[in-house]
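Coordinate inspection notes
Each chain, written out:
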Amino acid sequence: MKNLISDFIKKIISLVLTQQTGNTVSESIYKFKIKNKRLFSLLYGTAEDEDVFKNILQRIDSRSEILMVHSSLAGMMPMYSGNISKLLSKLLAYCKEKNITLAMPSFLMGSNYQVIERYKNGKSTFDITKTVSEMGMLSELFRRTPGVKRSIHPTHSICALGPLAENLTRNHHLADTTFGEGTPFDEMIKHKTIILGIGTKSENALTQIHAVEDILKDGFPVPLYTGIIPVTCFNETGKSSVYNLRIKNPDYTIDPVSLRKILRRIKNMDWTYKGIPFFSVEAKVVTDTFIEAAENGETMYKKK
């Protein structure tokens, strides 16, 4: 019953509120949960790092080549009682033992308008060593881990450590799209990649759904891009280059109902453990599902 009530509230928020207002409500819900930590602990119990990690192992394939992790510490609270750095250590040790490449997003957050404001007229630059990840504490801790490689992209860079880290990150700034050929998202389709969500649902964090837009290009049913902004980027040696960042068409926005409709075709992807949301799915399955939908004229976008 508690999960049904929570899901119902979130669906209502996504249907009737703007993204900005929805984010404000989500922040209020988070503050409420923290304030009433004892209540939520009674409802769901608590989860230590070992509990969370064992729960993850039951859902991921140890034969995978890449493990792409999206996470939200806020989404784990207040049930999570561990230490996020210890959870990272467990993920690192597991991937090293299994010869799996661990990857995480090191994106910059913000709407299309905020991206334009950040980068237009050379206001900001992207520095592979200095620009922090805005994808949560686990992602930022991973970015700072010795040996981790990072792709060069002003909004959707990827961090990786392991045998395929170089393959994932080396060509992102040379590709003419964010999610298509030559990008980490394209590379993940070529290998057995498990995308794992910790503290978040697939509909909120599954960036692989955007690969279809750049793979189909002009064949995608919605005209998503309207122009470019040149962004100066710096690599690990300080050498600069200019990346032409495409700007999305402001006339279109993601429709949560359509997004869920397509995602529901992928079975057994989301689950909860002690009130904490998780998801696990193969990158190729996600891409193939959204390509099939787009080729039938169905997308997750709608006109504003």
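Heads up: the structure comes first, above all this text.
Figured I'd write up the structure that's included with this text. (Residues numbered from 1 in each chain as written. Predicted model: local features only at pLDDT ≥ 70, side-chain atom pairs only at ≥ 80, totals over all residues. Heavy atoms only, no water.)

Turning next to the nonpolar core. Ranked by internal contacts, the top residues of the largest apolar core, which has 38 residues, are Leu206, Ile209, Val281 and Phe290. Per element, the largest residue contribution to this core is 6 residues, and it comes from helix H14 (residues 283–295). Setting aside anything within four residues of it in sequence, one finds Leu206 in contact with Ile195, Leu263, Met269, Phe279, Val281 and Val286. (Core = buried A, V, L, I, M, F, W, Y, C linked by side-chain atoms within 4.5 Å. Buried < 20%, exposed > 50% of the residue type's maximum accessible area, 1.4 Å probe, protein only. Helix = DSSP H or I, 4+ residues; strand = E, 2+ residues; numbered from the N terminus. Contact = heavy atoms within 4.5 Å.)

Applying the stated criterion to the full structure yields 5 aromatic pairs. When the centroid spacing of 5.0 Å and the interplanar angle of 65° are considered together, the rings of Phe179 and Phe185 count as edge-to-face. With respect to burial, Phe179 and Phe185 carry one shared label: buried. Ring geometry for Phe220 versus Tyr301: centroids 6.2 Å apart, planes at 90°, classification edge-to-face. Of this pair, Phe220 sits in the loop between helix H12 (211–216) and strand S7 (225–234) while Tyr301 is found in strand S12 (residues 301–303), placing the two residues 81 residues apart along the sequence. (Phe/Tyr/Trp six-rings, centres within 6.5 Å; stacked < 30°, edge-to-face > 60°.)

With that settled, the discussion passes to unusual backbone geometry. With the exception of glycine, the majority of residues adopt a negative phi angle, and the majority of peptide bonds are in the trans configuration. Here the amide bond leading from Met77 into Pro78 is cis, since omega sits at 0°, within 30 degrees of zero. Along the chain, the position of Pro78 falls in the loop between helix H5 (73–76) and helix H6 (84–98). Despite not being glycine, Asn121 has its phi angle at roughly 55°, a positive value. You can see Asn121 is positioned in the loop between helix H7 (112–119) and strand S3 (126–127). If you check the backbone angles, Lys217 has positive phi at about 50° while not being a glycine. Along the chain, Lys217 falls in the loop between H12 and S7.

Taken together, the 7 strands give an open sheet; going across it, the order is S4-S5-S2-S1-S6-S11-S10, and neighbouring strands pair in mixed fashion. Taken across any chain shown, the strands that pair with only one partner, and hence form the sheet edges, are strand S4 (149–150) and strand S10 (270–273). As defined by bridge partners, S4 adjoins strand S5 (residues 158–161) across 2 bridges and the pair is classed as antiparallel. Following the sheet pairing, Lys149 is matched in S5 by Ala160. (Pairing = 2+ DSSP bridges.)

On to the packing of helix H4 (residues 49–57) against H6. Where H4 contacts H6, the axes come no closer than 9 Å and their chain directions differ by 35°. In the crossing of H4 with H6, the sense of the turn from one axis to the other is right-handed. Contacts from Asp49, Glu50, Val52, Phe53 and Leu57 in H4 reach Lys86, Leu87, Lys90, Leu91 and Tyr94 in H6. Taken together, the residues of the contact of H4 with H6 break down into 6 nonpolar, no polar and 4 charged. (Axes fitted to C-alpha atoms, helices over the stretch in contact; angles between N-to-C directions. Left-handed = near helix turned anticlockwise from the far one by under 90°. Nonpolar A, V, L, I, M, F, W, Y, C, P; charged D, E, K, R; others polar.)

A few words now on the environment of Ile152. The topology assignment puts Ile152 in the loop between S4 and S5. A relative accessible area of 9% places Ile152 in the buried class. Spatially, the C-alpha atoms of Ile152 and Cys233 are 7.2 Å apart, while their sequence positions differ by 81 residues. If we ignore the near neighbours within four places in the chain, the residues touching Ile152 are Phe126, Ile128, Thr169, His172, His173, Cys233 and Asn235.

What is shown is where atoms sit, not what they do.
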